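Residue-level structural notes
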Amino acid sequence: MIREASFDDLNGLLELYMHLHEICIPEDNEDLRITWNKILNNEDYHIVVCEEEGVIVSSCTCVIVPNLTRSASPYALIENVVTHNEHRCNGYAAACLEYAAEIALKNGCYKMMLITGSDNPKTHSFYKKCGYNSEGKTAYCKMLKEVNWNKL
């Protein structure tokens, strides 16, 4: 089942993110809960999940960004595309991205963008099959702070 994340999905998402790039699940504390509530209460922030037998096996984040160009048409940013290692190649991530595209269209977005840090050709092939391309654009990312993720 593809749907948007709800309040009770936090732990399942955090476990799934271990298959993305995380090395540990963050401590369940007030800061984590404040962030989770900010996400859930932001109408422009959508976490799409794919659930199989009650377990979240794939997800992506879709953020709608208001914009003053393109006739004030917003655009969507896609982030945190992940599928549990044991559930890959079943179409789950593609289904999450398609659901995110529906959200973006409903919100009047004229484009969707994503950046991948992966150099795996299979990852790039997957995004191309989902309709994304890297032609005509160059992506840059500036890290604003260094974090020792091993200590979190």
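Residues numbered from 1 in each chain as written. Predicted model: local features only at pLDDT ≥ 70, side-chain atom pairs only at ≥ 80, totals over all residues. Heavy atoms only, no water.

1. Let's talk about the overall build of the protein
Broken down by element type, the protein carries four helices and five strands. Each helix (α) and strand (β) of the protein, taken in turn from the N terminus, gives the series β-α-α-β-β-β-α-β-α. Against the globule reference of 15 Å for 152 residues, the protein gives a C-alpha radius of gyration of 16 Å, in line with a compact fold. When the backbone C-alpha atoms are referred to their principal axes, the protein occupies close to 40 × 35 × 35 Å. Here the protein holds 152 residues, and 31% of them are scored as buried. Contacts spanning at least 24 positions in sequence make up 61% of the contacts within the protein whose residues lie at least 6 apart. Here the protein displays about 10500 Å² of accessible surface, and carbon together with sulfur accounts for 51% of that area. (Helix = DSSP H or I, 4+ residues; strand = E, 2+ residues; numbered from the N terminus. Rg over C-alpha atoms; globule rule 2.2 N^0.38 Å. Buried < 20%, exposed > 50% of the residue type's maximum accessible area, 1.4 Å probe, protein only. Contact = heavy atoms within 4.5 Å. Areas by Shrake-Rupley, 256 points an atom, 1.4 Å probe, with all protein chains shown as cover.)

2. What to know about the pattern of salt bridges
By the definition in use, this model includes three salt bridges. With a closest N to O distance of 2.6 Å, aspartate 9 and arginine 3 form a salt bridge. Residue class for aspartate 9 comes out buried when judged on its relative accessible area of 8%. In this structure, glutamate 51 and arginine 3 form a salt bridge, with 3.1 Å as the shortest nitrogen-oxygen distance. Here arginine 3 lies in strand β1 (residues 2-4) and glutamate 51 lies in strand β2 (residues 45-52), a separation of 48 residues in the sequence. A relative accessible area of 16% means that arginine 3 is categorised as buried. (Salt bridge = Lys/Arg side-chain N within 4 Å of Asp/Glu carboxyl O.)

3. Let's talk about the sheet that holds β1
Taken in spatial order, the five strands of this open sheet run β1-β2-β3-β4-β5, and their pairing is mixed. With partners counted over all chains shown, the strands left at the sheet margins are β1 and β5 (112-114), one partner each. Strand-to-strand, the axes of this sheet are offset by a mean angle of 30°, without reference to chain direction. Pairing analysis gives seven bridges linking strand β3 (residues 55-65) to strand β4 (residues 75-83), with the strands arranged antiparallel. If you follow serine 58 over to β4, its bridge partner there is threonine 83. Against the sheet, helix α3 (residues 92-106) contacts β1, β2, β3, β4 and β5, and its axis sits at roughly 30° relative to β3. (Pairing = 2+ DSSP bridges. Axes fitted to C-alpha atoms, helices over the stretch in contact; angles between N-to-C directions.)

4. Some details on unusual backbone geometry
At glutamate 53, a residue that is not glycine, the phi angle is positive and equals roughly 50°. If you trace the backbone, glutamate 53 turns up in the loop between β2 and β3. If you check the backbone angles, alanine 72 has positive phi at about 60° while not being a glycine. In this fold, alanine 72 is placed in the loop between β3 and β4. With a relative accessible area of 47%, alanine 72 lands in the partly exposed category.

5. Regarding the side chain of serine 73
On the secondary structure map, serine 73 appears in the loop between β3 and β4. For serine 73, the side chain forms a polar contact with the main-chain oxygen of arginine 70, separated by 2.7 Å. Ignoring anything within four residues of it in the chain, the contact list for serine 73 reads Asn67, Gly108 and Tyr110. (Polar contact = N/O pair within 3.5 Å; in protein donor to acceptor, adjacent residues only side chain to side chain.)

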